[in-house]
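# Coordinate analysis (summary)
Chain residues, written in single-letter form:
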Amino acid sequence: QVQLQESGGGFVQAGDSLRLSCVASGGTLSQYAMGWFRQAPGKERELVASITWAYEDTYYIDSVKGRFTISRDRGKNTLYLQMNSLKPEDTAVYYCAADPKWYRSRIVLTNYEQWGQGTQVTVSS
């Protein structure tokens, strides 16, 4: 079973950039879709971006299009989220997640069967 470990969160100013990383271990990801989710205080967890490991098909929610980029490094078994032009409303705990069936709907949270522990991103105005 795949295990996920995020890193890269922090405290930044509006307009700054951060790159989140998620290292996957314990399995091969060729059949997986991977996603970055976030959860702000008092809000539901939401998908931010996703990618299919084999084909690199990407999906973004509208609020991050043009600012965030999801990518993966096969050799390092690592998923990334490059976040540019950060805004205070991006403040949340960010989670890496894995769906072992890449063909399923990306936006259904329950399709993602493995989750990392989360990393805090705080954007100050």
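Our subject is the structure listed above.
Quick look at the structure, then. (Residues numbered from 1 in each chain as written. Predicted model: local features only at pLDDT ≥ 70, side-chain atom pairs only at ≥ 80, totals over all residues. Heavy atoms only, no water.)

## Focus: the pattern of salt bridges
Oppositely charged side chains are able to pair whenever their charged atoms sit close together. Here is the rule we go by: Here, a salt bridge means any side-chain nitrogen of Lys or Arg that lies within 4 Å of a carboxyl oxygen of Asp or Glu. Think of it this way: any DSSP run of H or I at least four residues long counts as a helix, any run of E at least two long counts as a strand, and we number them from the N terminus. The rule is simple: take the accessible area with a 1.4 Å probe, protein chains only, and divide by the maximum for that residue type; under 20% is buried, over 50% is exposed, in between is partly exposed.
This model, assessed by the stated rule, comprises seven salt bridges. One salt bridge connects R38 with D90, and the closest N-O pair in it is separated by 2.9 Å. Here R38, found in strand β4 (residues 33–39), pairs with D90, found in the loop between β8 (78–83) and β9 (92–99); they are 52 residues apart in sequence, far enough to count as distant. This pair shows no difference in class: R38 is buried, exactly as D90 is. For the salt bridge of D90 with R67, the shortest nitrogen-to-oxygen distance reads 2.8 Å. With D90 in the loop between β8 and β9 and R67 in the loop between β6 (58–60) and β7 (68–73), the pair connects residues that are 23 residues apart, well separated along the chain.

## A short note on the pairing of β4
Defined as follows: For two strands to be treated as a pair, DSSP must find no fewer than two bridges joining them.
The buried fraction of β4 is high, at six of seven residues. Examined bridge by bridge, β4 and strand β5 (residues 46–52) share six bridges and lie antiparallel to one another. Bridged to R38 within β5 is E46. Hairpin connection, β4 to β5: the antiparallel pair is bridged by six residues, and G42 has positive phi, about 75°.

## Describing the pairing of β5
Most of β5 sits out of view: six of its seven residues are buried. Looking at chain direction, β5 and β6 are connected through three bridges and run antiparallel. Note on β6: the bridge partner recorded for A49 is Y60. Here β5 folds back onto β6 in antiparallel fashion, the turn holding five residues, of which E56 has a positive phi close to 60°.

## Observations concerning the environment of S105
Our working definition: Counted as a polar contact is a pair of N or O atoms within 3.5 Å, where, for protein atoms, one must be capable of donating a hydrogen and the other of accepting one, and residues adjacent in sequence contribute only when both atoms are in side chains.
Residue position: S105 is located in the loop between β9 and β10 (114–115). Along the chain, S105 and A33 lie 72 residues apart, while their C-alpha atoms are 9.6 Å from each other. At a separation of 3.4 Å, a polar atom in the side chain of S105 contacts the main-chain amide nitrogen of I107.

## Some words on the nonpolar core
For clarity, the cut-off: Side-chain atoms within 4.5 Å are what join buried Ala, Val, Leu, Ile, Met, Phe, Trp, Tyr and Cys residues into a set we call a nonpolar core.
M34, L81, M83 and Y94 are the most contacted members of the largest nonpolar core, which totals 31 residues. When residues of this core are traced back to their parent elements, those giving at least two are β3 (18–25), β4, β5, β7, β8, β9 and β11 (119–124).

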